[in-house]
Every structure is written in C-alpha cells, then in structure tokens.
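Summary of the model geometry
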Amino acid sequence: MPHDPTPGDNRVALRADCAACAGLCCVAPAFARSSDFPVDKPAGTACHNLLDDFRCGIHDRLRGKGYAGCTVFDCFGAGQQVVQVTFGGRDWRTDPEIATSMFAAFEVLRPVHELRWYLAESLATPAAAPLHHDARALLAETERIAALAPGALAAVDVAAHRATVNEVLLGVGERVRAASPGPRPNRRGADLVGARLGGADLRGANLRGALLIGADLRGADLRSAELIGADLRGADLSGADLSTSLFLTNFQVHGARGDAATRLPSVLDRPAHWPVTSTPRPASPDRRRRRPTGPSL
Ligand code: SF4
C-alpha cells in the first residue's frame, strides 16, 4: 500500500527494511510451539525456513503454514540498525564469531527502537507541542543509545530508559485525548476481552494496556484513542476508524482482523491477510443485546 505519512514524521525511517537486515528476527528470538508457530525454536538458532540470502522461503504462505506470529512481528527498524550500524554491514553467517553479540544487540535494540517510534510519533503530533522539547531530548538520548557499540549496548538499562520515556508518553496521551471532541472513556488496562464494542464512539479513549483480545470493534470510532500496549489480537477492526489513533503499531494491527474499510494511520502497513472488500457492519444495538458474548464499555 502507498504511504502518505505526516510531513516530518520520522517513523518512516523506523519501518523494517528486511533487505538491509540479516534475518535477525528469524534467528535471535526463541519460538514456542503455539497458534503462532508450528515448531519450537531455541534462541540464536536459524528458522529452518530462512534461506541463504536471508529471505523467508515461505513468505507468501506464512499463515497457511502456521507461522502467523511472523506476520505480526515488527522490529521497528532494529534489524537494519544492528546489521548496518552496530556491526557495519557484517552478518552472522559470514562472520560466525559475531553471532552471539549480534543477536544480543538485536534483543536490546528492538525495545529501544520501539521507544524511538513512540517519541517520533509524539513529535509528529501537534496536540503534544508543549511536550516536544522533552520528547526531542529523549529521542536524542534514545538515538545515542541505538548507536552504541555492542559492548556498551549490553550494559544499557532498557527498563529504566523506558520508564523515563513513558513519563513523556503519558503526557502526550493526556494532551491528545483532552483535545478530542469525543466521550474520552478511561479504560486503561481494562479487561475487554471479547467486548461488544461494534459501532462504539471511542474517540479520545484511554485504552492504554487494555485487553481487547477478540473484541468486536467493527465500525468503532477510535480517533485520538490511545492504544499503547493494548492487546488487539483477534479483535475485529472491520470498518473501524483508527486513522488518528495514538501509539498504534504494526505489531498490534497485524494481530487484529480488519477489512478494506478499516482506516489506519498512513504510516502503518495494511495487513496482507485482511480482505480487500468490506464486511457487514455490526447488527443493530437491539439485536446485539440478544446475543451477549462479552463485556461492553
Ligand atoms: S517462517 Fe520465515 S519469517 Fe518466520 S522465522 Fe522462519 S524464515 Fe523468518
């Protein structure tokens, strides 16, 4: 899909560039046999589907082969950072002696790059302008960390840096939600598994860390809703408007369901497994009441 990001939105540079990586997400992490992966794979061991040129041998059949987890993963550009910057273009196959430290660097930089993503989004959000000075300083510090040598990376306290960044992100969320004309419900961390939220007006909602697994969000209005850490696995976003949702990632979107009518922020990818057609909207409220299947707001 074409991308038309907000001018100055530096999240574009944090999109995964697999051609500049060395298959790190297919080697460094461990996989546990589950609905996301059909096999167990130890950390630091190459997936048996990884080709010699670091492409995936089943890229166009991942879901059919049981590798749905691979279609969801997003490194936020950490892969190309490790290979091209941290290790200057070397790779673990050509230089096996760097494999261990390369995989360790990837595990550190992936969450660091996620923070870069949120800070870049904050800086591209006009409602957060009073916090742009702080966000800019934290982004500079995060970029400094991302440029460290392998040995220094190993000593980074990612949790502490995340806590510092989170203070600013909380403020950004408050400002964005306060500027929303919507009802702004506060469901931070709420258990909304299987919730019936079809057609709901969730503009400006605080859904930080909310469990929305399998929720019916068809046709819901999630503009200016804060979604950092929200679990959207299996949620139905068909026809939903997330065009200005805050802190939404490819990782979340690709784990959800949607259709051609789902509106996403322009910087995100539209999942290839979503249908290219629109699906019917939720039933009327009366009919929904006769089919209780989960909590509502
Ligand atoms: S199945 Fe493909 S994308 Fe998934 S880990 Fe293996 S090589 Fe990588």
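Residues numbered from 1 in each chain as written. Predicted model: local features only at pLDDT ≥ 70, side-chain atom pairs only at ≥ 80, totals over all residues. Heavy atoms only, no water.

1. Some points on the confidence of the model for the protein chain
On average, residues of the protein chain score 92 in pLDDT, and 91% of them reach the 70 mark or higher. Low confidence marks residues 1–5, where pLDDT is under 50. Its contacts with residues over four positions away, or in another chain, come to 10 contacts. Low pLDDT (under 50) marks residues 284–293, which in the prediction has nine contacts with non-local residues, meaning those over four places away or in another chain. (pLDDT = per-residue confidence, 0-100. Contact = heavy atoms within 4.5 Å.)

2. Here's the deal with the pattern of salt bridges
Under the counting rule described, the total for this entry stands at 19 salt bridges. Its salt-bridge partner being R208, residue E226 comes within 2.6 Å of it at the nearest N-O pair. In this pair, E226 is assigned in the loop between α6 (158–178) and α7 (250–254) and R208 in the loop between α6 and α7, connecting sequence segments 18 residues apart. Given a relative accessible area of 0%, E226 falls into the buried group. Judged by its relative accessible area of 8%, R208 falls in the buried class. Members of the salt-bridge network, linked through shared partners, are D201, R203, D221, R223, D241 and R263. (Salt bridge = Lys/Arg side-chain N within 4 Å of Asp/Glu carboxyl O. Helix = DSSP H or I, 4+ residues; strand = E, 2+ residues; numbered from the N terminus. Buried < 20%, exposed > 50% of the residue type's maximum accessible area, 1.4 Å probe, protein only.)

3. Focus: unusual backbone geometry
The backbone of F54 sits at a positive phi, close to 70 degrees, despite the residue not being glycine. As for its position among the elements, F54 is in the segment before α1 (68–72). A positive phi angle, close to 60 degrees, is found at S224, a residue other than glycine. Counting through the fold element by element, S224 comes out in the loop between α6 and α7.

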